[in-house]
Amino acid sequence: MSKYETLSYKISARIARKNSAVFVREDFEDIGGYDQVGRILRNLVRNGTLMKIGYGLYAKTVVSPFNGEIIPQKNLPELAREALTRLGVKPVPSTYEKEYNAGRSTQVPTGRMIGVTERISRKIGYDGTYVSYERRAR
């Protein structure tokens, strides 16, 4: 069996080809079984190719030019919004973002508070830093 036929190579190649920074486990279900894909994704996290940002959520990584550590390609608010979109939840601007954009506040929002239109209990984050959700009407 050549290296091009291995499941690990197929998953790595798909990750490299995709423009998306966030992957869900279901992205690879056509390649292999649930347990096989899980093992390979765990190995890719160990190798530093991916970073786990939530249950079944993975993000592409890069090496930080400042300290040489492995960090996600995008910042946490962008990753969280992309992950929520991939999970079928529509993110909306939070109250803080609306107030700042309307000029009623000078406090710049961090982006770690994300507005959602439906209930969500999923934790998205890494290294002990997670986003919070604000339930907003449509």
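Notes on the structure in this doc start here.

Calculation notes
- Residues numbered from 1 in each chain as written.
- Predicted model: local features only at pLDDT ≥ 70, side-chain atom pairs only at ≥ 80, totals over all residues.
- Heavy atoms only, no water.
- Pairing = 2+ DSSP bridges.
- Helix = DSSP H or I, 4+ residues; strand = E, 2+ residues; numbered from the N terminus.
- Core = buried A, V, L, I, M, F, W, Y, C linked by side-chain atoms within 4.5 Å.
- Buried < 20%, exposed > 50% of the residue type's maximum accessible area, 1.4 Å probe, protein only.
- Contact = heavy atoms within 4.5 Å.
- Polar contact = N/O pair within 3.5 Å; in protein donor to acceptor, adjacent residues only side chain to side chain.
- Axes fitted to C-alpha atoms, helices over the stretch in contact; angles between N-to-C directions.
- Left-handed = near helix turned anticlockwise from the far one by under 90°.
- Salt bridge = Lys/Arg side-chain N within 4 Å of Asp/Glu carboxyl O.

**As for the sheet that holds strand E6 (residues 113-116)**
Consideration 1: Taken together, the three strands give an open sheet; going across it, the order is E5-E6-E9, and neighbouring strands pair in mixed fashion. In the strand order of this sheet, the two ends are held by strand E5 (91-92) and strand E9 (132-135), each with one partner.
Consideration 2: For E5 and E6, the ladder comprises two bridges, and the chain directions are antiparallel. Bridged to Val92 within E6 is Gly115.

**Observations concerning the nonpolar core**
Consideration 1: One finds Ile53, Leu57, Leu84 and Ile124 to be the most contacted residues of the largest nonpolar core, which totals 17 residues.
Consideration 2: Residue assignment for this core shows that the elements contributing at least two residues are strand E1 (22-24), strand E3 (57-63), helix H3 (76-86) and E6.
Consideration 3: With sequence-adjacent residues up to four places away left out, Leu57 is seen in contact with Val22, Phe23, Val24, Met51, Lys52, Ala83, Leu87, Arg122 and Ile124.
Consideration 4: Among the nonpolar cores identified, the runner-up in size contains 11 residues, and Leu7, Ile11, Ile15 and Leu50 belong to it.

**Overview of the environment of Arg136**
Consideration 1: With respect to the element layout, Arg136 can be found in the segment after E9.
Consideration 2: In sequence terms Arg136 and Pro77 are 59 residues apart; their C-alpha atoms lie 17 Å from each other.
Consideration 3: Residue contacts for Arg136: discarding those within four places in its chain leaves Val92, Pro93, Ser94, Thr95, Lys98, Gly115, Val116 and Thr117.
Consideration 4: Polar side-chain contacts of Arg136 include one of 3.0 Å to the side chain of Thr95.

**A closer look at the packing of helix H1 (residues 7-17) against helix H2 (residues 34-47)**
When two helices pack together, their arrangement is captured by the angle between the axes and the distance separating the axes.
Consideration 1: At a closest axis distance of 10 Å, the pairing of H1 and H2 adopts a crossing angle of 65 degrees. Every pair of crossing elements has a handedness; the one defined by H1 and H2 is right-handed. Mapping the contact onto sequence places Leu7, Ser8, Ile11, Ser12 and Ile15 in H1 and Gln36, Val37, Ile40, Leu41 and Leu44 in H2.

**Comments concerning the pattern of salt bridges**
Consideration 1: Counted by the stated rule, this structure contains five salt bridges.
Consideration 2: Here Glu82 makes a salt bridge to Lys74, at a shortest N to O gap of 3.0 Å.
Consideration 3: You can call Lys74 partly exposed: its relative accessible area is 31%.
Consideration 4: Taking the shortest distance from any N to any O, the salt bridge between Glu97 and Arg81 comes out at 2.9 Å.

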